[in-house]
Amino acid sequence: MTDTLLPDAIASALTTERFGRSLRYHHAVGSTNALAAEWAQEGAPEGAVVLAEQQTAGRGRHGRSWVAPPHQALTGSVVLRPELPTELLSLIPLAASLAVADVLGTYPLADPPQIKWPNDVLIGGRKCCGMLLETSMRATAKASPRRSPVVLGIGLNVNQTELPSGAEATSLRMQVGRSVPRAPLWAALMKQLEARYDALHDPDARTALRTAYTEQMLHYGKTITVRVPGAERTATGTVVGIDPSGALRLRTPRGVQAFHAGEVTTRTA
């Protein structure tokens, strides 16, 4: 039986105040992030969602493509209007990765979800969810800088039974051994995302969020290599957590260094 994401089923499962209440649903689109960005410029409310059965031009971090067959994954984008300084916007996908891990952790998994910095969620060491935050949209004339819209794209493998050869990926179904209804899963994710996102606007809650994030980091206490995007520079060190802006903190021979972006591997440089 095909698990079609019917808007009515999603609406009836929602328990949020804002997130997901405004919804544009599509069978197939190029990119939900692109459509959400257009909607944001038209005045979409915070928490508005563009959800699609299939993306033909989905994007991931560092310009990678993200493709999933229809009726098997969750591919959607959320419009956000954060009251945050620009330097804290990078905390949004980290909070979102925690929200995903919160929800996945309610399923009977052999291993708890872990987060590969900055925002990939893994189960059993294999990627199950990725995210992309895009902030390059022009603010409307009436909007203050802190209320300028940003879009968070989420791609979650749910009911795939096969994945591309060589991909270090998995799906929720492959981990729990059964099909997972996607409408209640999306509703649960919106509930946790709303809570984690709202917590970013309180300094004390941000500290608690950083602690929770660190506890679920895949590489915490391990030696990794970070390659800085657009450069040949790499650094190797031990992961000691994240700083208040969400940057990765590495203890290296030159002291503790912070990285705001980079590709993480466990291979030494």
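Structure shown above.
The structure displayed is predicted, hence computed values, not measured ones. (Residues numbered from 1 in each chain as written. Predicted model: local features only at pLDDT ≥ 70, side-chain atom pairs only at ≥ 80, totals over all residues. Heavy atoms only, no water.)

Before going further, it helps to examine helix H3 (residues 91–104). With 14 residues, H3 should cover 20 Å at 1.5 Å per step; its first-to-last C-alpha distance of 20 Å lies within 8% of that length. Counted residue by residue, H3 has 14 buried out of 14 residues, so it is predominantly covered. (Helix = DSSP H or I, 4+ residues; strand = E, 2+ residues; numbered from the N terminus. Expected span 1.5 Å × (residues − 1). Buried < 20%, exposed > 50% of the residue type's maximum accessible area, 1.4 Å probe, protein only.)

Paired through backbone hydrogen bonds, the strands of a sheet run either parallel or antiparallel to each other. Within the open sheet, the five strands sit side by side as S11-S10-S9-S8-S12. Their pairing is antiparallel. Of all the strands in the sheet, just strand S11 (255–259) and strand S12 (263–265) have a single pairing partner and so form its edges. Strand-to-strand, the axes of this sheet are offset by a mean angle of 45°, without reference to chain direction. Bridge analysis of strand S10 (residues 248–252) against S11 gives five bridges, and the strand direction is antiparallel. From the neighbouring strand, Leu250 faces S11, where its bridge partner is Gln257. (Pairing = 2+ DSSP bridges. Axes fitted to C-alpha atoms, helices over the stretch in contact; angles between N-to-C directions.)

Take the pairing of strand S8 (residues 223–227) next. Strand direction decides the pairing type here: S8 and strand S9 (residues 234–242), joined by five bridges, are antiparallel. When the sheet's bridge partners are listed, Ile224 is paired in S9 with Gly237.

The seven strands lie next to each other as S1-S2-S3-S7-S6-S5-S4, forming an open sheet whose pairing is mixed. Edge positions in the sheet fall to strand S1 (23–29) and strand S4 (114–116), since each has one partner strand and no second. Each neighbouring strand pair of the sheet contributes to a mean axis angle of 20°, computed without reference to strand direction. By the bridge criterion, three bridges tie S4 to strand S5 (residues 120–123) in an arrangement that is antiparallel. Bridge pairing in S5 links Gln114 to Leu122.

Once that is clear, we can look at the nonpolar core. Judged by nonpolar contacts, the single largest core of 62 residues is most densely connected at Leu156, Leu172, Leu185, Met190, Leu193 and Leu248. Of the residues forming this core, the biggest block, 10 residues, is contributed by H3. In this structure, Ala37, Trp39, Ala40 and Val79 belong to the second largest nonpolar core, which totals nine residues. (Core = buried A, V, L, I, M, F, W, Y, C linked by side-chain atoms within 4.5 Å.)

Tallied over the full model, the rule gives one aromatic pair. When the ring of Phe19 is compared with that of Tyr197, the centres are 5.6 Å apart and the planes differ by 45°; the resulting orientation is tilted. Here Tyr197 lies in helix H5 (residues 182–199) and Phe19 lies in the loop between helix H1 (7–13) and S1, a separation of 178 residues in the sequence. (Phe/Tyr/Trp six-rings, centres within 6.5 Å; stacked < 30°, edge-to-face > 60°.)

The next point concerns the pattern of salt bridges. Scanning the model with the defined rule gives seven salt bridges in all. Across the salt bridge formed by Glu46 and Arg18, the nearest N and O atoms sit 3.7 Å from each other. Of the two residues, Glu46 is situated in the loop between helix H2 (32–41) and strand S2 (49–55) and Arg18 in the loop between H1 and S1; the sequence distance between them amounts to 28 residues. Of the residues examined, Arg18 reaches a relative accessible area of 25% and is grouped as partly exposed. Ionic pairing is found between Arg18 and Asp198, a salt bridge with its closest N-O pair at 2.8 Å. Of this pair, Arg18 sits in the loop between H1 and S1 while Asp198 sits in helix H5, placing them 180 residues apart in sequence. With relative accessibility at 34%, the residue Asp198 sits in the partly exposed group. (Salt bridge = Lys/Arg side-chain N within 4 Å of Asp/Glu carboxyl O.)

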